[in-house]
Structure formats: structure tokens, C-alpha cells
Amino acid sequence: MSLFPLPWLLLLLLGVNNAISAVEEYQTYIIHLDHSHKPETFLTHESWHRSILNSLLSSPADDNELLLYSYNHVMHGFSARLTSSQLFEIEKSPAHLVTYPESFGKLLTTYTPKFLGLKHNSGIWPAASYGEDVIVGILDTGIWPESESFKDEGMSPVPQRWKGTCENGTAFSPSACNRKLIGARSFSKGLQAGGAGTLDRSFQATVILENGISFEGTSYFPENIFITDLHLYYGKGNTSKAICNHTTLDRNEVAGKVVLCDYSTKIEVSQQMMEVERVGAYAAIFLTDKFSSLSPDGYSIPGLLLPSASGTLLKEYVTRVRNPKVKSMKFVLTRLGGKPAPQVADFSSKGPNPISPGVLKPDIIAPGVDVLAATVPIPFIQVGNYGLVTDYALDSGTSMATPIVAGVGALLKAVHPEWSPAAVRSAMMTTAYAMDNTGTIMKSQLTGLSGTPLEFGAGHINPNKAMDPGLIYDMGLQDYIEFVCGLGYTKEQMSVLIRRTQWSCNHKSINDLNYPSITAVLTSKTRYPVTMNFSRVVTNVGNDTAVYKVHLGNIPTGMRISVKPRTLTFTRKYQNRSFVVSIELDRDFPGVIFGFLKWIDQDSHIVSSPMVAINF
């Protein structure tokens, strides 16, 4: 498969029933201590912390009543329930550094719905009654039915039209199904192909050098800590040490310091993290130009990623100053409104479809990077001596994007129960957007360059727009039969696919499949100039009367487009109109070129389709 502010922080937000004495109220505090003051007579930090609490005036006989947690890895100190006078005693100690009162976080839902434009009071969500009683089927590699996400409290009874089953399988009992998880079956492994994009949200950490220069980089380190006044190490003069190569760092040089690891194509950031942790580094800064260089479960010590270009000033400082230091490092920062966004994720499935390149794939992209998802509650990251466990975690993958598309499809089906699956797909594709928040074509996260429909399909899903697409490209069973006929399957294979023994094939061209996208497939044998025709039929699902005019956008040099007719007039709802698109290419071209066909009416419906030419 395929985390908001980082979900494992929820582990830290457990409520505490404060005891109240007759005189003073107890409150929870986090106490930072200078560990160099720990007497050698104490074998562990925890025994020292308990001794401090036991020495307090009016301390209870059992220090367990005060001590909540002892810290000795990324920070030194403890959390405890204290009265103000007890806190005052501790703060007089020379070992005391700083005190933070307990703060409670407000639990928020994932940011993805907001990024998609979903609102509780308007748009497709309330219009669809939030998808009530719509049955959604999702293919995935497994399920954890014990998750809070599958609790059926408040759910209505299972719809009577449901004819499926809850299968008894390996480590899965039918009793795991309920009014929300209404069915589960296992199938043989299939092909995964989906489009995934980024959000405009990032998880960050900041570092300030002793000279005042500051940097902000990517970090998924899960603890809200504040590191101050640490030595900064860089293996200058030794390339292997500079890139934190395996077994090259010396514990005597590195332990307890912040380590700077230079960018190298010879080693992964995850391997650099293992090396700096091996030698006892306190924290690390990694220079890298690779996206997704370190997954959220790889931050075993405090660390952040900086682009190599941003590291110029950092390396200049660490190499010129005799005793370089980090003034501070702060973690667990969430930034919104990042640009450019969305981008096509580096792992997203790319076209063309090798079996049928004439059908554009992917159809569409949806958020699939750093999405908060239910997960099996087993330790997913080791920080110091502690394995962190969470019921929800940030995950990335096309299997994060596909449930979002399925969810939007469910909302559309609730608003338009009469729509076919093809109509739902059409509405999502023709209302998608291909521009990012900088006003340019969406970029590929992998290359940093502008993407193409072979990467983002018709564009990024736009749920509210999809509710009112104006026109749809619909298809029925015979359209799919014609498509499968053109793939060269045997009669036996056809019978299995369409679940019938009798059918007819008119051998229609793939160019006439009523798909919401248009793809011209050329080969090395194509002779230029060449013209290809594509027939389409659209159905009016908007106002009873509407006039749509054609608009062509982003047409590249060497591609000429003609559309007949150029105006479509509708006098009633569900009326059909047909048109033909001719694509003329006057010369060979590298890879892929594309433009957009848009039908626009007087009510500002914009029905957009990508037109793509590929050398296959």
C-alpha cells in the first residue's frame, strides 16, 4: 500500500486525571535536565529522576504517583504531575534547563478533504448525504477490520440490495464484518495501476546555526523536541565521511553531535541514517535531491532533509568555522500552501497502457502522498529504546489515491443514482484540472519538469465540479464488448470476461470508443503527414437547454485539430449529440505531445478532454 500532523503524536496526547490536594492543584510538566549533572551513583537516568521526585517536600510515598515518563534519548528529563511549589523546588536545581507545561492537541481530520475542496455545509458532501448507503468496493492487499475506521456505530442497516459475502479466510473471520465493512473476499493478485499526486502540505523541521543562518527542510521525526547548542560535525577532507558512508564515521568524533551528511548518488539517505545512528549521533542533516529519500518510519533519530543547493551556505559555515555549532533544531512543523502543488508523485503509475495504448491511462490522479491512513497497530518506528505504535499513519502510494477516487465515485453515485460507471468516470475526468497552484501544467515530482497526460491523465480530481459536469461520455455493455473484441482474445477468454456465451462484435475502431480522452497512437512505421479521426457522443446532464462551443487549448506545434460540428445544441436533458475530432500530424515527434478539447456552455460548464499523440 500506500501520515497529518504526524499521527503518532497522538500517543503523547493521553488525558491525565489530575489529582487535587487540599492546597495545590497538580499539573503535568515536561522537565528538561542537563544530563551532565547526573551523579555517577545512579545507573540509569530514570533512577536519578525518581530520586529528584522523592526528595521533594510533600512528595507522596510512591514516586509512581508523580513520574509519568523518563526521557534519555532525544532529550534528557522527565514528565511528571507536580504542584507549583514542587516545580519551584526542581527549577532551583543546577541540573534544570527548561520547563514546559502540558498542552493538549486538538484532534483534526486529515488535510486531504480540505485539499479536495470538500466542505460539510456545501458542495458534493452534503448533496450526497455524505455517501450514505452507497456500497463501495475496493481492491487492496489486505484489511485490518479491528481499525476504528471500520466501526459501525451509527451506521444504518446493510442495504437489502447487497448480495455479497464476508468470506472466511486466512486470519480473517466473517464475524469481522459489520454494518460498515459489509463484505470481504480474496482474489488472485492483479495489476495495480493508479495515478497519485502530492498535496500542498509538508512536514518540516528548522535548524539555526550559531551564526544565525537558518534552514528549513523536510522531516517526519515524530517527537516535538527542541534541540539547542550542539556541535556540528562534517567529514571535511574525507569524501567517505562527508557522505556518511557505511562504517566510515568514528564514534569518538561524532557521538552526541549533529552530523551533516553530504549528497551522493552512491548511498541512500536511509543508509546514511543507519550510519549516523550507529556511531551515536544526536541528530543529522541530510543533503539530498531525491524526493521521498527517507520514509516516515526511517527517522530513528532527529533528522531533516535539505536540497543540496540549500546546503552551500551550510557547508561553507561548517568548513570555515573552527568550532561549528547548531544553535537550535525544532521538529514537528506542518506547512500548508506549498508550491508547486499538486505534483505527480514519483511512484505514480505512468502510461501508456501496453495492452491498449489507444485508451489513455491513468484516467486521473488523486492525493496519494502522505495520506493519513488506518494501519495495523504494530511498532512502525524505533526511536531510541521505544517502538512507536499508532492506529493511523502517513502512507504514500497509488493505493492511497484509489480509495479517494472510489470515495468520490460513491458521492457521485449518491447524487446521481441513475449514472452508469462510465458516466461517473466521465464526470471525474472532464472536470479534472491539469494546472497546479502556480498556474502552469502540473509537474512530475520525479523529473521536476512539466508532466503529460501519460502521467496525470485528464488531471487532478475535483469532486465538487464532478457533481455537475454538464456533459458526460457514457458507455454501455456493448461498448465494452467492442473494446474487448479489439484486444484479440479467444472465445474462451471473451466468455470469461463478459460472463456470457453469446455476443456480437462490429469491430469498431478503438478511436471510436466513447472515452472522455482522445489518444492517437503512432509507430515507427507511420508515414507523415497523417490524419486520424475520433468519433464521440456526449449526453447532456446539465440544464434542459444548453449550447456548447468548442475551445482548443495548449495545442503544440505540429498538431492540427479540427472539430465538427464546433457547436452542440441541446434542447432537453439526457439528449445526445455526436462530434468528430480530426488530429493531423505533419511530422514525426519525440515521445508525447498533447492539447485539450473543451466544450463550454453559457452556464460556465467546462467539459475538458486531453488529446494526446504518442509514439508507441
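Residues numbered from 1 in each chain as written. Predicted model: local features only at pLDDT ≥ 70, side-chain atom pairs only at ≥ 80, totals over all residues. Heavy atoms only, no water.

Our focus in this paragraph is the side chain of S517. Its place among the elements puts S517 in the loop between helix 14 (491-498) and strand 19 (518-522). Once residues within four sequence positions are removed from consideration, S517 is found in contact with L360, M429, R536, S609 and P610. (Helix = DSSP H or I, 4+ residues; strand = E, 2+ residues; numbered from the N terminus. Contact = heavy atoms within 4.5 Å.)

So, about helix 8 (residues 311-320). Those residues of helix 8 lying buried are G311, L314, Y317 and V318. Taken down its axis, helix 8 places every buried residue within 125° of arc, on the same side. (Buried < 20%, exposed > 50% of the residue type's maximum accessible area, 1.4 Å probe, protein only. Arc of directions from axis to C-beta.)

With that out of the way, let us pick up the sheet that holds strand 2 (residues 67-71). Backbone hydrogen bonds hold the strands of a sheet together, and the pairing may be parallel or antiparallel. Taking strand neighbours across the sheet as the criterion, the four strands line up as 2-3-1-4 in an open arrangement whose pairing is antiparallel. Taken across any chain shown, the strands that pair with only one partner, and hence form the sheet edges, are strand 2 and strand 4 (96-101). Between one strand axis and the next, the sheet turns through 20° on average, direction left out of account. Of the strand pairs in this sheet, strand 1 (residues 27-33) and strand 4 are connected by five bridges, and their pairing is antiparallel. Counterpart to I30 in the pairing with strand 4 is Y100. Here helix 1 (residues 45-54) sits on the sheet and contacts strand 1, strand 2 and strand 3 (77-82); the angle it forms with strand 2, its principal contact strand, is near 140°. In the packing of helix 2 (residues 84-91) onto the sheet, contacts are made with strand 1, strand 3 and strand 4, and the angle to strand 3 comes to roughly 150°. (Pairing = 2+ DSSP bridges. Axes fitted to C-alpha atoms, helices over the stretch in contact; angles between N-to-C directions.)

As judged from the eight bridges shared by strand 6 (residues 201-209) and strand 12 (residues 325-336), these two strands associate in the antiparallel manner. Each bridged residue has a counterpart across the sheet, and for Q204 the counterpart in strand 12 is L333. Bridging between strand 8 (residues 226-233) and strand 12 involves five bridges; their strand directions are antiparallel. Each residue of the ladder has a partner; that of H231, found in strand 12, is K325.

The next subject is the packing of aromatic side chains. Within the structure shown, the criterion is met by 11 aromatic pairs. Ring plane angle 45° and centroid distance 6.4 Å describe the contact between Y111 and F115, whose orientation is recorded as tilted. When the centroid spacing of 5.9 Å and the interplanar angle of 90° are considered together, the rings of F594 and F596 count as edge-to-face. There is no split in this pair, since F594 and F596 are both buried. Over the face of the ring belonging to Y26 we find R81, whose NZ or CZ atom lies 5.3 Å from the ring centre. (Phe/Tyr/Trp six-rings, centres within 6.5 Å; stacked < 30°, edge-to-face > 60°. Lys NZ or Arg CZ within 6 Å of the ring centre and 35° of its normal.)

Counting residues in each nonpolar core, the largest one holds 48 residues, and the members touching the most others are L232, V259, V276, I285, L314 and M329. Per-element accounting of this core gives the leading share, five residues, to strand 10 (residues 283-287). Once residues within four sequence positions are removed from consideration, V276 is found in contact with C244, L249, V259, C261, A281, A284, F286 and I301. Listed in part, the 34 residues of the second largest apolar core include L116, I364, A401 and M475. (Core = buried A, V, L, I, M, F, W, Y, C linked by side-chain atoms within 4.5 Å.)

All right, on to the packing of helix 9 (residues 398-415) against helix 10 (residues 421-430) then. Helix 10 packs onto helix 9 with a crossing angle of 115° between their chain directions and a minimal axis gap of 10 Å. Compared by their axis directions, helix 9 and helix 10 come out roughly perpendicular. Crossing of helix 9 against helix 10: the hand is right-handed. Along the contact surface, helix 9 presents V405, V408, G409 and L412, while helix 10 presents V424, A427 and M428. (Parallel < 35°, antiparallel > 145°, perpendicular 65-115°, else oblique. Left-handed = near helix turned anticlockwise from the far one by under 90°.)

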